[in-house]
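# Residue-level structure breakdown
If you want the building blocks of each chain, they are given just below.
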Amino acid sequence: MNKEEAVDLIFDYLDTLKIMHSEPEEDDENNTEILFVTEGKDSPGGFIESAITFSDNCILARAYYNTVGQKLVTTNLERFPALFRLLNVINELINHLSIQRTHFDDDEEERSAIFCPQLRMTEDGNYDIKYQLIVDYSYLGLFPNETAHMLVVFLQNCLNAFAPAVFGVLTSKMNLKEAKSYIVSKKMEFTENPENYLPTEEDENNELS
């Protein structure tokens with residue numbers, strides 16, 4: 001799969017799920033970007049912002065908290081040590097996500113798609129807390145539906161699920177131990193879509209392990 005095919009696939013996937021998004025825009029370095037917003041009931045402001053950038057070699061997807069979340073970060077700078085420890089804990093606890101492929105030909109072996117997103121804070125002074133993932137085009141070709149769902153739905157679901165712990169630690173409502181226990185106990189299923197999503201048949205047959 002090439003860059004143009006990948007843009008079309010993600011664009012169509014967003015339309016299928018009726019997610020409002022920008023038109024693909026190209027920058028001076030020939031990168032194409034799509035922006036969109038999804039529901040995030042547990043996150044500051046009640047929504048998650050996302051950006052997917054298509055370069056010549058790979059895709060970079062980011063889901064991040066909005067400006068309400070940014071303001072909470074900037075007003076609690078003294079809590080940074082605890083916050084960064086929690087980000088490290090989350091990345092260690094959820095070091096990969098695997099999705100069992102359920103649709104394949106009779107002569108194909110059963111396969112799983114493995115993804116390794118990372119929870120980070122930007123270093124540009126904007127204090128964006130983001131969950132990001134880099135995917136190669138060849139991998140998208142092997143697991144198109146699973147990857148599209150990961151980039152458009154699951155990164156956002158995870159970031160929203162992390163929010164009570166992240167902002168609990170940031171505002172001193174939780175200590176690190178309580179936040180870690182919350183993350184461990186939080187069950188997130190790959191098919192658990194926000195209410196405004198209309199899952200495809202393929203989505204309903206995917207499971208997170």
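Residues numbered from 1 in each chain as written. Predicted model: local features only at pLDDT ≥ 70, side-chain atom pairs only at ≥ 80, totals over all residues. Heavy atoms only, no water.

In terms of regular secondary structure, the protein chain is built from 7 helices and 8 strands. Summarising the internal contacts of the protein chain: among those between residues at least 6 apart in sequence, 60% fall at separations of at least 24. (Helix = DSSP H or I, 4+ residues; strand = E, 2+ residues; numbered from the N terminus. Contact = heavy atoms within 4.5 Å.)

Within the largest apolar cluster, 56 residues are counted, with the highest numbers of intra-cluster contacts made by I52, F54, Y65, V152, F162 and V166. With 16 residues, the top contributor of residues to this core is helix α5 (residues 144–170). If we ignore the near neighbours within four places in the chain, the residues touching F54 are K3, A6, V7, I10, N30, N31, T32, I34, I59 and Y137. (Core = buried A, V, L, I, M, F, W, Y, C linked by side-chain atoms within 4.5 Å. Buried < 20%, exposed > 50% of the residue type's maximum accessible area, 1.4 Å probe, protein only.)

Our next topic: the packing of helix α1 (residues 3–16) against α5. Two elements in contact, α1 and α5, have axes whose closest approach is 10 Å; the angle formed by their N-to-C orientations is 65°. Crossing geometry of α1 relative to α5 is assigned as right-handed. Contacts between α1 and α5 involve L9, I10, Y13 and L14 from the former and P144, N145, A148, H149, L151 and V152 from the latter. Each residue belonging to the contact of α1 with α5 can be placed in one class, and the counts come to 8 nonpolar, 2 polar and no charged. (Axes fitted to C-alpha atoms, helices over the stretch in contact; angles between N-to-C directions. Left-handed = near helix turned anticlockwise from the far one by under 90°. Nonpolar A, V, L, I, M, F, W, Y, C, P; charged D, E, K, R; others polar.)

This structure, assessed with the given rule, holds 2 salt bridges. The residue E33 makes a salt bridge to R62 at a minimum N-O spacing of 3.1 Å. Placement of E33 in strand β2 (residues 32–39) and of R62 in strand β4 (residues 58–65) is noted, with a sequence separation of 29 residues between them. Judged by its relative accessible area of 27%, E33 is partly exposed. (Salt bridge = Lys/Arg side-chain N within 4 Å of Asp/Glu carboxyl O.)

A separate point is the sheet that holds strand β3 (residues 47–54). Taken together, the 6 strands give an open sheet; going across it, the order is β1-β2-β3-β4-β8-β7, and neighbouring strands pair in antiparallel fashion. Every other strand in the sheet has two partners, leaving β1 (25–26) and β7 (118–121) as the edge strands with one partner each. Against the sheet, α1 touches β1, β2, β3 and β4, its axis set at about 20° to β2. Helix α3 (residues 80–93) contacts β7 and β8 (129–136) of the sheet and is inclined by roughly 165° relative to β7. (Pairing = 2+ DSSP bridges.)

Next up on the list: the side chain of Q70. With respect to the helices and strands, the residue Q70 is situated in helix α2 (residues 67–74). Its relative accessible area of 19% is what places Q70 among the buried residues. Within polar-contact distance, the side chain of Q70 engages the backbone oxygen of N126 at 3.4 Å. Setting aside anything within four residues of it in sequence, one finds Q70 in contact with N126, Y127 and D128. (Polar contact = N/O pair within 3.5 Å; in protein donor to acceptor, adjacent residues only side chain to side chain.)

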